[in-house]
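Letter by letter, the chains look like this.
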Amino acid sequence: MKQEAVAVKPIRSLKDALDRCQALGMRLSRQRRLILELLWDVPDHLCARDIYDRLSRAGKEIGYTSVYQNLEALSSQGIIECIERSDGRLYGNISDSHSHVNCLDTQQIVDVFIELPPEVIAKVEEQTGIRITDYRIDFYGYQGETDAENGEEVADTQLSESLESETSISEVLSEEVSIAS
Ligand SMILES: [Zn+2]
């Protein structure tokens, strides 16, 4: 993640994204605009192929190479999110720190803004000796009824389980390292 992306106002709409392109002196080509519009239209994280297919189905003339190159340019400038997965890259519209809810039924990844209680952060710092300045949490779950009354309790349990697992801690650490570098 780029350091300057942290300091500026987060992108929360298509307009913000277009404004950021202009502020960075990026050319707003028709193709680039189409991609940003699609990403802000679909509340998910999509691979380059998905984005190309959706635009083609909507009758937009754009080549796959152009889609890929524009996605890379936009993510390298911190205007969109790029998630590295073992089976390829996924792109989303929120580029600053946020967490993900991964639906294991639909494979959809939903953005959420979650703030950890200070005592949880303090626990991570105490266990690692590293001062936490940022974090991103990955939640996993299945579709189905979520009991509103038990919802908070369930979320708390998942959170503490996830924090106790080594993977989560190392993810938090790698995030810290990438910010520090
Ligand atoms: Zn995301």
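Note: the structure precedes this text.
Enquirer: So what's going on with the overall build of the protein chain? Which residues, and what values?
Expert: The helix and strand tally for the protein chain stands at eight helices and five strands. Residues counted as buried form 17% of the 181 residues belonging to the protein chain. Considering only intrachain contacts with a sequence separation of at least 6, the fraction spanning at least 24 residues in the protein chain is 57%.

Enquirer: Go over unusual backbone geometry with me, naming the residues and quoting the values.
Expert: Positive phi outside glycine occurs at Gln107, with the angle close to 65°. In this structure, Gln107 sits in the loop between strand 3 (99-103) and strand 4 (109-112).

Enquirer: How would you sum up the nonpolar core? Please name residues and give values.
Expert: Counting residues in each nonpolar core, the largest one holds 19 residues, and the members touching the most others are Ile35, Leu38, Leu39, Ile51, Val67, Leu71 and Ile79. Elements represented by at least two residues in this core include exactly helix 2 (14-23), helix 3 (30-41), helix 4 (48-57) and helix 5 (64-76). A total of five residues in this core trace back to one element, the largest contributor, which is helix 3. If near-sequence neighbours (up to four positions away) are discounted, Leu39 is found in contact with Ile80, Tyr91, Gly92 and Asn93.

Enquirer: Break down the pairing of strand 4 for me, with residues and values.
Expert: Across a regular strand the side chains alternate sides, sitting on one face of the sheet and then on the other. The pairing of strand 3 with strand 4 spans four bridges and is classified as antiparallel. The residue bridging His100 from the neighbouring strand is Asp111, located in strand 4. What sits between the antiparallel neighbours strand 3 and strand 4 is a turn of five residues, in which Gln107 has the positive phi angle 65°.

Enquirer: So what's going on with the environment of Gly92? Which residues, and what values?
Expert: In this fold, Gly92 is placed in strand 2 (residues 88-92). Taking the C-alpha atoms as reference points, Gly92 and Leu46, separated by 46 residues in sequence, lie 6.7 Å from one another. In this structure Gly92 touches Leu39, His45, Ile80, Glu81, Ile83 and Asp111, once residues within four positions along its chain are discounted.

Enquirer: How would you summarise the sheet that holds strand 5 (residues 138-141) if you had to cite specific residues and measurements?
Expert: If you trace the three strands from one edge of the open sheet to the other, you get 4-3-5, paired in mixed fashion. Pairing within the sheet leaves two strands with one partner each, and these edge strands are strand 4 and strand 5. The mean angle between the axes of side-by-side strands here comes to 25°, regardless of whether they run parallel or antiparallel.

Enquirer: Run through helix 4, naming residues and quoting values.
Expert: Looking only at helix 4, the buried set comprises Ala48, Ile51, Tyr52 and Leu55. The buried residues of helix 4 occupy one face: seen down the axis, they fall within an arc of 100°. Facing away from the buried side of helix 4, by more than 90 degrees, are the exposed residues Arg49 and Arg57. Check the buried side of helix 4 and you find it contacts helix 3 and helix 5.

Enquirer: Could you give me a rundown of the packing of helix 2 against helix 3, with the residues and numbers involved?
Expert: At a minimum axis distance of 10 Å, the contact between helix 2 and helix 3 shows a crossing angle of 150°. When the axis of helix 2 is compared with that of helix 3, the two are roughly antiparallel. The two elements helix 2 and helix 3 cross, and the hand of that crossing is right-handed. Note on element contacts: helix 3 touches helix 2 through Leu36, Glu37 and Trp40, opposite Leu14, Ala17 and Leu18. Of the residues assigned to the contact of helix 2 with helix 3, the class counts are five nonpolar, no polar and one charged.

Cut-off values and rules
Residues numbered from 1 in each chain as written. Predicted model: local features only at pLDDT ≥ 70, side-chain atom pairs only at ≥ 80, totals over all residues. Helix = DSSP H or I, 4+ residues; strand = E, 2+ residues; numbered from the N terminus. Buried ≥ 20, exposed ≤ 12 C-beta atoms within 10 Å, placed from the backbone. Contact = placed C-beta atoms within 7 Å. Core = buried A, V, L, I, M, F, W, Y, C linked by C-beta atoms within 7 Å. Pairing = 2+ DSSP bridges. Axes fitted to C-alpha atoms, helices over the stretch in contact; angles between N-to-C directions. Arc of directions from axis to C-beta. Parallel < 35°, antiparallel > 145°, perpendicular 65-115°, else oblique. Left-handed = near helix turned anticlockwise from the far one by under 90°. Nonpolar A, V, L, I, M, F, W, Y, C, P; charged D, E, K, R; others polar.

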